[in-house]
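For reference, the chains in residue letters:
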Amino acid sequence: MDVVVQLQRQLTDHTASLFHEGFLNEQFNQLQQLQDESNPDFVVEVVSLFFEDSERLLNELAKALEQQAVDYKKVDAHVHQLKGSSSSIGAQRVQAVCIPFRNFCEEQNIEGCLKCLQQVKHEYSLVKNKLETLFKLEQQLIAAGGSFPTL
């Protein structure tokens, strides 16, 4: 049982750091509460959809901002969608970068938009890596015969 206790501690510490460092907010807890025995992979499935959607949106944003004549309404629509999907899983640092990004779209400020695109890509990459680590710890804990500590 020592391995299980150690994995539970790692999982608890990692989860706490995600909240403490501002990667996630209470919305992620609410998402976890929707998971139960009838749908044990709910959170992983929802977050995987977020990853797919975000990567598509980030690629679309990069393409749109490379155009000679940038369609700021289109860029803003993509940023709005990214902001909403990041909000729905509690990825608050990604969501936070979307706010100035949308303001730069409104101002039609290409430099500001490009800077925000780099920031949002960075924050997305960080939260994706952190969440993938969280899910790996959960899998290791279950494989070792343990259960999730309640949050």
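Residues numbered from 1 in each chain as written. Predicted model: local features only at pLDDT ≥ 70, side-chain atom pairs only at ≥ 80, totals over all residues. Heavy atoms only, no water.

This part is about the pattern of salt bridges. In the structure shown here, the tally under the stated rule is 7 salt bridges. Across the pair Lys130 and Glu21 runs a salt bridge whose closest N-O atoms are separated by 3.6 Å. Residue Lys130 is located in helix α6 (residues 110–143), and its partner Glu21 is located in the loop between α1 (2–20) and α2 (26–33); the two are separated by 109 residues in the primary sequence. Asp76 serves as the salt-bridge partner of Arg102, at 2.8 Å between the closest nitrogen and oxygen. Of this pair, Arg102 sits in helix α5 (residues 92–107) while Asp76 sits in helix α4 (residues 72–89), and the two are 26 residues apart along the sequence. Taking relative accessible area as the criterion, Arg102 reaches 25% and is therefore assigned partly exposed. (Salt bridge = Lys/Arg side-chain N within 4 Å of Asp/Glu carboxyl O. Helix = DSSP H or I, 4+ residues; strand = E, 2+ residues; numbered from the N terminus. Buried < 20%, exposed > 50% of the residue type's maximum accessible area, 1.4 Å probe, protein only.)

What follows concerns the packing of helix α3 (residues 42–66) against α6. Viewed as axis vectors pointing N to C, α3 and α6 meet at an angle of 160 degrees, and their least axial separation amounts to 11 Å. Judged by the inter-axis angle, α3 sits roughly antiparallel to α6. Relative to α6, the crossing made by α3 is left-handed. Where α3 approaches α6, its residues Val43, Val44, Val47, Phe50, Phe51, Ser54, Glu55, Leu58, Leu61, Ala62 and Leu65 are matched on the opposing element by Ile110, Cys113, Leu114, Leu117, Val120, Lys121, Tyr124, Lys128, Leu131, Glu132 and Phe135. Looking at the contact of α3 with α6 residue by residue, the class counts come to 17 nonpolar, 1 polar and 4 charged. (Axes fitted to C-alpha atoms, helices over the stretch in contact; angles between N-to-C directions. Parallel < 35°, antiparallel > 145°, perpendicular 65-115°, else oblique. Left-handed = near helix turned anticlockwise from the far one by under 90°. Contact = heavy atoms within 4.5 Å. Nonpolar A, V, L, I, M, F, W, Y, C, P; charged D, E, K, R; others polar.)

This part covers the UniProt feature "domain: HPt" (unreviewed entry) in the chain. The UniProt record annotates "domain: HPt" (unreviewed entry) at residues 39–144. Structurally, residues 39–144 is divided into 88% helix and 0% strand, and its ends, taken at the C-alpha atoms, are 20 Å apart. (UniProt positions renumbered as here; feature names shortened; annotations may be inferred.)

Using the residue numbers shown here, the UniProt feature "modified residue: Phosphohistidine" (unreviewed entry) corresponds to His80. Position of His80 relative to the elements: it lies in helix α4. Residue classification places His80 among the partly exposed residues on the basis of a relative accessible area of 45%.

For the rest of this paragraph, the subject is the nonpolar core. With 42 residues, the main nonpolar core has Phe28, Val47, Val75, Phe101, Leu117, Val120 and Leu131 as its most contacted residues. At the level of elements, α1, α2, α3, α4, α5 and α6 are the ones that each hand at least two residues to this core. (Core = buried A, V, L, I, M, F, W, Y, C linked by side-chain atoms within 4.5 Å.)

For the rest of this paragraph, the subject is the packing of aromatic side chains. Scanning the entire structure with this criterion turns up 3 aromatic pairs. Their ring planes at 50 degrees and their centres at 6.1 Å tell us that Phe50 and Phe51 sit as a pair that is tilted. Neither Phe50 nor Phe51 differs from the other in exposure class; each is buried. Aromatic side chains Phe51 and Tyr124 sit 6.2 Å apart centroid to centroid with 80 degrees between the ring planes, which places their arrangement in the edge-to-face category. Of this pair, Phe51 sits in helix α3 while Tyr124 sits in helix α6, placing them 73 residues apart in sequence. Overall, Tyr124 belongs to the buried group, its relative accessible area being 6%. Here a set of aromatic residues connected by ring pairs shows up, and it is made of Phe50, Phe51 and Tyr124. If you follow Arg93 out to its NZ or CZ, it ends over the ring of Phe23, 3.9 Å from the centre. Sitting over the ring of Phe51, Lys128 keeps its end group 5.5 Å from the ring centre. (Phe/Tyr/Trp six-rings, centres within 6.5 Å; stacked < 30°, edge-to-face > 60°. Lys NZ or Arg CZ within 6 Å of the ring centre and 35° of its normal.)

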